[in-house]
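Structure at a glance
Residue strings, one per chain:
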Amino acid sequence: CAGVTTYKALKVAEAKAGDWVAIYGIGGLGHVALQYAKAMGYNVIAVDIMEDKLELAKSLGADLTVNGLEVDPVQEIKEKVGGVQAAISVAVTKKAFEQAYGSVKRGGTLVVVGLPNDELPIPIFDTVLNGVTVKGSIVGTRKDLQESIEFAAQGKVRTNIEVQPLDNINDVFERMANGKINGRVVLTMA
């Protein structure tokens, strides 16, 4: 699910190889999105507020990492690369959405995947004047699934998985709520 979901989001962003793409949120979805983006030939900026997630992003090939607690991602991205052609927002906060929108350059696209429990305001004036496209994306078609699996079969995308027994479910949920999981946890029943 994380694979085809992030692959589809990158596909609908309509960026081209060599373009700068920002991934907002390097968790279960974001670490996979980053790998697809690299495999598709994009220059990738990973944005998160957890240093361990940014270290994971570096190990997966991120060209640039930005810690949103230390610097303003919008300003940092505009200064370093002039804005991104596409931003993929898999984070589930309103602030991350606003930053992702702000980092998109003229004519670029914001693709929203994460579902914050909040309204996501879109500045109409800036959207119209800068020709920014905002799209929502969730899962994908069977064709998208085939294409996304092909990247994995070629060894270009790998999900970071940790295995835990079902008895540890409370600990897993606590770690998940605190953003302490790098990738996905698979629960096993003995």
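1. Overview of unusual backbone geometry
- The phi angle at Glu14 is positive, at roughly 60 degrees, despite the residue not being glycine.
- Along the chain, the position of Glu14 falls in the loop between helix 1 (2-13) and strand 1 (20-24).
- Here the phi dihedral of Val139 falls at roughly 45 degrees; this positive angle occurs in a residue that is not glycine.
- With respect to the element layout, Val139 can be found in the loop between strand 6 (133-136) and helix 7 (142-153).
- Given the relative accessible area of 34%, Val139 is considered partly exposed.

2. A look at the pattern of salt bridges
- If you walk through the whole model with that rule in mind, you get nine salt bridges.
- Glu147 is paired through a salt bridge with Lys11; the nearest N and O atoms lie 2.9 Å apart. Linking Glu147 in helix 7 with Lys11 in helix 1, this pair joins segments that are 136 residues apart in sequence.
- Classification of Lys11 as partly exposed rests on a relative accessible area of 33%.
- Where Lys135 meets Glu14, a salt bridge forms, and the shortest distance between an N and an O atom there is 3.5 Å. With Lys135 in strand 6 and Glu14 in the loop between helix 1 and strand 1, this residue pair connects regions lying 121 residues apart in the sequence.
- It is possible to trace a salt-bridge network through shared partners that takes in Lys8, Lys11, Lys143, Asp144 and Glu147.

3. A look at the pairing of strand 2 (residues 43-48)
- Within strand 2, five of the six residues are buried, which leaves the element mostly enclosed by the surrounding structure.
- Sheet topology places strand 1 next to strand 2; five bridges connect them, and they run parallel. Paired with Trp20 across the bridge in strand 2 is Asn43.
- Between the parallel pair strand 1 and strand 2, the chain is carried across by helix 2 (residues 30-39), and the sense of this crossover is right-handed.
- Where strand 2 meets strand 3 (residues 64-67), four bridges bridge the pair, whose relative direction is parallel. Bridge pairing links Asp48 to Asn67 in strand 3.
- Between strand 2 and its parallel partner strand 3, the chain crosses via helix 3 (residues 51-59), and the hand of that crossover is right-handed.

4. Notes on helix 1
- For helix 1, which comprises 12 residues, the first-to-last C-alpha distance of 17 Å matches the rise-based estimate of 16 Å (1.5 Å per residue) to within 8%.
- By the burial criterion, the buried members of helix 1 are Ala2, Gly3, Val4, Thr5, Thr6, Tyr7, Ala9, Leu10 and Ala13.
- Against the buried residues of helix 1 lie strand 1, helix 2, strand 4 (84-89), strand 5 (104-112), helix 7 and strand 8 (184-188).
- Note on helix 1: the residue one or two positions beyond its end, Glu14, has a positive phi of about 60 degrees.

5. As for helix 2
- The element helix 2 is extensively covered by neighbouring structure, given that eight of its 10 residues are classed as buried.
- Every buried residue belonging to helix 2 is among Gly30, His31, Val32, Ala33, Leu34, Gln35, Tyr36 and Ala37, and all of these are buried.
- Each element contacted by the buried residues of helix 2 is listed here: helix 1, strand 1, strand 2, helix 3 and helix 7.
- Just downstream of helix 2 lies Gly41, where phi reads positive at about 90 degrees.

Reading the values: rules and limits
- Residues numbered from 1 in each chain as written.
- Predicted model: local features only at pLDDT ≥ 70, side-chain atom pairs only at ≥ 80, totals over all residues.
- Heavy atoms only, no water.
- Helix = DSSP H or I, 4+ residues; strand = E, 2+ residues; numbered from the N terminus.
- Buried < 20%, exposed > 50% of the residue type's maximum accessible area, 1.4 Å probe, protein only.
- Salt bridge = Lys/Arg side-chain N within 4 Å of Asp/Glu carboxyl O.
- Pairing = 2+ DSSP bridges.
- Right-handed = clockwise from strand over helix to strand, strands pointing away.
- Expected span 1.5 Å × (residues − 1).
- Contact = heavy atoms within 4.5 Å.

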